[in-house]
Amino acid sequence: TRSILLKHYFGSTTNRITTIWHEMVNNPVFGSELKIVYKIARTFRDIKNALHPRKKKTAYDLSVKSCMDQLNQATLFCGRFDLNRNKLHQSDTCVVFQATERHKERDDRIVVIKFMADENMFKREIGERKILDKEYVVQILETSQDIPDWR
């Protein structure tokens, strides 16, 4: 699959992908409704972090807005959250990850995302947290119900 994509999009299967990739994400044509950047980023998840050999910047840092939006949709949970691969906690009922919420307009922030296995437990926890003292309990900033099209 990798060599087919490289051949199709770059005309070569050599390792010139970094500089060509950086040129692509800096061109709005590749961020158009054809979703070329999205398709490539879905296949090569870490490609957005590839450093340009001379500029020493990542493809993500060099990308135009339309390409950046496609990179986010392809590689970030809900298009916003860069999940740390190490779990903070796992039980029979949930898995907890640290994540970085990515924003172009403001500074990124570190958040914790909890994935619940059971919808009833999820609803109960949301309700219980509303009545607990905010001084002693980590507050919920947002739930899946607050995020449009999260599924």
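In what follows, the structure referred to is the one given above.
Each value, and the rule that gives it
Residues numbered from 1 in each chain as written. Predicted model: local features only at pLDDT ≥ 70, side-chain atom pairs only at ≥ 80, totals over all residues. Heavy atoms only, no water. Pairing = 2+ DSSP bridges. Helix = DSSP H or I, 4+ residues; strand = E, 2+ residues; numbered from the N terminus. Salt bridge = Lys/Arg side-chain N within 4 Å of Asp/Glu carboxyl O. Buried < 20%, exposed > 50% of the residue type's maximum accessible area, 1.4 Å probe, protein only. Axes fitted to C-alpha atoms, helices over the stretch in contact; angles between N-to-C directions.

A. Quick look at the pairing of strand S1 (residues 81–90). Bridging between S1 and strand S2 (residues 94–101) involves 6 bridges; their strand directions are antiparallel. In the sheet register, leucine 83 faces S2, and the bridge partner there is alanine 99. Counting the residues in the hairpin turn of S1 and S2 gives 3 residues.

B. Inspection of the pattern of salt bridges at higher detail. Applying the stated criterion across every chain yields a total of 10 salt bridges. Measuring nitrogen to oxygen at the nearest pair gives 3.1 Å for the salt bridge that ties arginine 102 to aspartate 82. With arginine 102 in the loop between S2 and strand S3 (109–116) and aspartate 82 in strand S1, the pair connects residues that are 20 residues apart, well separated along the chain. Using a relative accessible area of 24% as the deciding quantity, one classes aspartate 82 as partly exposed. Two residues, glutamate 119 and lysine 123, come together in a salt bridge whose shortest N-O distance is 3.4 Å. With glutamate 119 and lysine 123 both in helix H6 (residues 119–131) and 4 residues apart, this pair spans about one turn of that helix. Relative accessible area serves as the criterion here: at 44%, lysine 123 is assigned to the partly exposed category. Taken together, the shared-partner salt bridges connect Arg80, Glu101, Arg109 and Glu142 into one network.

C. Representation of the sheet that holds S3. Strand order in the open sheet formed by 3 strands is S1-S2-S3, with antiparallel pairing between adjacent strands. Strands with a single pairing partner mark the edges of an open sheet, and in this sheet they are S1 and S3. In this sheet, adjacent strand axes meet at a mean angle of 30° when their direction is disregarded.

These values are about where atoms sit, not about what they do.
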